[in-house]
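Residue strings, one per chain:
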Amino acid sequence: MTISPLQLRHVSRSYGSLEVLRDLSIEVSHGEFVAIVGPSGCGKTTLLNLLSGFNQPTSGVIERTGKSRMVHQQDGLFPWQTVSENIAMGLRHVKNKEDRRQQVEEMLRLIRLEGFENSYPHQLSGGMRQRVELARALAGDSDILLLDEPFSSLDYLTRLRMRQEVSRILQERPRTVVLVTHDIEEAAQLANRVIVLSERPAQIRSEMSLATPRPRDPTHPEVVQAIRQILTELNVESDSGEYETA
Amino acid sequence: MRKSGFIRSVALPLAVVCAMILVWTLVWRSGVFHPSAFPAPLDVVRGFGEEARSGRLFTDLITSLFRVSCGFGLAVLTGIPTGLWMGQKEMARTAFLPIVNFFRNLSPLAWIPFAILWFGVGDASPIFLIFLSAFFPVVLSTMAASANVPTIYSRVAKDFGMSDSEKLMRVTLPAIMPQVVTTLRVTAGVCWLVVVAAEMIAGRDGLGFAVMDARNGLRTDILVVEMIVIGLVGVGIDRGLQQLTKIPSIRWGYEK
């Protein structure tokens, strides 16, 4: 195994006097799927913006080897481009037109949207749009996939289906993945490692690993066990008799 | 179902037009207005034939359309880049927004005396006035649109390693197109109003001058002919620009 594609060393980030992230050190190894969960407003999106290089940390070092692509919560597709054109964005380095067309076709097959290549995003359902975004991020030579609550705008059943899709697609196109989510079940069902963040300023509260290979069922004992553990970490586990909505 | 809808969409407006002509005829017959001040519908039809045969209607129409095209085209070509610049650079916005707003609210017709003094009567004066009518609205709308392009598109552009010029051409411009097209439609309408006024005062030809000429000759029938043509062409211009909203890469902005 070579150097890890994503490394954070003592990373902090503040906005003025508001301290959002405090002294985070995370190392993501090649091909790993890391999920980051935490209470809402804890700075998960700030963390992703640092990981993607869109923002810089106030202090600390982020080392990234390879190209990263982000899948956004929603509306990350260019509405003026067709499905094909959006996916082809990730293939601009491919000089040969025919090669590019073939790779777009392959991606369409992968996300099961053959026949929609000339549709525009506003003509698709929310789940289809997120699949196209996934395809756009996976097309071509990206190494790291950053997922910013990619299914949070979808209904529950579609979300379950999208998790299966992600598992299937990653089997065909392995990537190093960082998923930021407040959906604990999603994290436990997909990730090899779950990092639980504290409230702002966010620090790492705990980490857990899951060994069961994907695709996993949401009722798999290890998944259920992980969900229980995360809930306890976030103080929303029902056995504790305590409910917090933070 | 579709067919009957089409018939209805033609028949109903046509009925309204017929009713208007009927009212017009009745008012003419009643003698409320002196015949020299109120032409009969048939006189207008004859006047139309006269104008069409002499070819003057056609040349006036071409003259006016040419002036609008020049002034409007010039305003779009300079206004969109200026608006983009002001939308992206806060300094530029702070510096120029008040003055742009000032000229935006100053009626272009107030410029007519200066236009005549500087450019005389001919093509240049109306073109200058039309340019003024279109430039400032286009700048303001482009500026507002480009300042409000969602930041998520910038992130995507960065993720995919776009250069600044690539981002401008492939992200910012397409993102603002729906709003720009809406402004173009409104502004073209204003330009069509302004060209008539400009030619009435500072023209030797064009539809506006023809209106003034008909007035001077007490030819109220010709006056109505010109009015009908001006109105119809205005509708035609808007319909033409409306086609832009049907371009697939622009249409998304008008959905939902």
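Coordinates for the structure precede this section.
Since the structure is predicted, the reported quantities are computational estimates derived from the model, not experimental observations.

Novice: I tried to follow the overall build of chain A on my own but got confused; where do I start?
Specialist: Within chain A, the regular secondary structure consists of seven helices and nine strands. Here the C-alpha radius of gyration of chain A, 18 Å, is about what a compact globule of 246 residues would show, namely 18 Å. Oriented by its inertia axes, the alpha-carbon framework of chain A measures out at about 55 × 40 × 35 Å. For chain A, the residues scored as buried account for 52% of the 246 residues in total. Contacts spanning at least 24 positions in sequence make up 70% of the contacts within chain A whose residues lie at least 6 apart. Counting every atom, chain A has about 11,000 Å² of accessible surface; 47% of that belongs to carbon and sulfur.

Novice: I'm lost on a nonpolar patch on the surface in this one. Help?
Specialist: Residue and element names in this part refer to chain B. A cluster of nonpolar residues, Phe6, Ile7, Val10 and Leu14, forms a patch on the protein surface that exposes about 410 Å² of accessible area. Checked against the element boundaries, phenylalanine 6 lands in helix 1 (residues 2-30). For phenylalanine 6, a relative accessible area of 56% translates into the label exposed.

Novice: What am I meant to see in the layout of surface pockets here?
Specialist: In this approach, a probe sized like a water molecule rolls over the atoms, and the result shows the empty space that is left. Quantified by volume, the second largest pocket comes out at close to 380 Å³. What lines the second largest pocket is simply Val17(B), Met20(B), Ile21(B), Trp24(B), Pro41(B), Val44(B), Val45(B), Phe48(B), Val225(B), Ile228(B), Val229(B) and Leu232(B).

Novice: Sorry, what's going on with the interface of chain A and chain B here?
Specialist: A common way to report how large an interface is uses the accessible area buried once the components associate. At the interface, 22 residues of chain A touch 19 residues of chain B. The largest share of the area that chain A buries against chain B comes from Phe54(A), Trp80(A) and Arg92(A), three residues that together contribute 36% of it. One can count one salt bridge joining chain A with chain B. The residue Glu166(B) makes a salt bridge to Arg92(A) at a minimum N-O spacing of 2.1 Å. At the boundary of chain A with chain B, the tally comes to six residue pairs in polar contact (both at pLDDT 80 or more).

Novice: Is there a simple way to explain the sheet that holds strand 1 (residues 6-15) of chain A in this structure?
Specialist: The strands that make up a sheet pair up through hydrogen bonds in the backbone, lying either parallel or antiparallel. All names here are of chain A. Spatial ordering of the open sheet is given by 2-1-4, a layout of three strands whose pairing is antiparallel. If you trace the sheet from one side to the other, it starts and ends with strand 2 (18-28) and strand 4 (59-64), each paired once. Geometrically, the sheet is characterised by an average inter-axis angle of 20° between neighbouring strands, direction not taken into account. Bridge count between strand 1 and strand 2: seven bridges; the pairing is antiparallel. Among the inter-strand pairings, valine 11 is bridged to a residue of strand 2, identified as leucine 24. Across the sheet, helix 1 (residues 44-51) is in contact with strand 1, strand 2 and strand 4; its angle to strand 1 comes to roughly 125°.

Rules of the game
Each chain carries its own residue numbering, running from 1 in the direction its sequence is written. Naming scheme: in the order in which they are written, chains are lettered from A and ligands are numbered from 1. With pLDDT at 70 or above as the cut-off, local features in this predicted model cover only qualifying residues; side-chain atom pairs require 80 or more to be listed or tallied, and sums for whole chains, interfaces and linings still use all residues. Side-chain measures here rest on the full set of heavy atoms in the structure, leaving out hydrogens and waters. Starting at the N terminus, helices and strands are each numbered in turn, a helix being any DSSP run of H or I of at least four residues and a strand any DSSP run of E of at least two. Only the C-alpha atoms count toward the radius of gyration. The rule for a globule is 2.2 Å times the residue count to the power 0.38. A simple rule labels every residue: compare its accessible area, found with a 1.4 Å probe on the protein chains alone, to the largest value its type can have, and call it buried under 20%, exposed over 50%, or partly exposed in between. Throughout, a contact is declared for two residues whenever any of their heavy atoms are within 4.5 Å. In this description, accessible areas are obtained by the Shrake-Rupley approach with a 1.4 Å probe, and a residue is regarded as covered only by the protein chains that are shown. Nonpolar side chains (Val, Leu, Ile, Met, Phe, Trp, Tyr) are joined into patches within 5 Å and like charges within 9 Å, using only residues with over 30% relative accessible area and no salt bridge. Basic side-chain nitrogens of Lys or Arg form a salt bridge, by our definition, when they fall within 4 Å of a carboxyl oxygen of Asp or Glu. Buriedness of a pocket was judged along seven lines, with at least five required to meet protein on both sides within 12 Å; pockets are open sets of points on a 1 Å grid over the protein atoms alone, cavities are sets where a 1.4 Å probe fits but cannot get out, and lining residues have an atom within 4 Å of a point. Grid points are joined across faces, edges and corners, and a volume is the space filled by probe spheres set on the points. Here the quantity called buried area is the accessible surface, traced with a 1.4 Å probe, that two parts lose on coming together, added over both. Polar contact is the term for a pair of N or O atoms within 3.5 Å; when the atoms are in protein, one must be able to donate a hydrogen and the other to accept it, and sequence-neighboring residues count only if both atoms are side-chain atoms. Criterion used throughout: strands pair if DSSP finds at least two bridges between them. For helices, the fitted line uses only the C-alpha atoms of the stretch in contact; every axis is such a line through C-alpha atoms, and the angle between N-to-C directions lies from 0 to 180 degrees.

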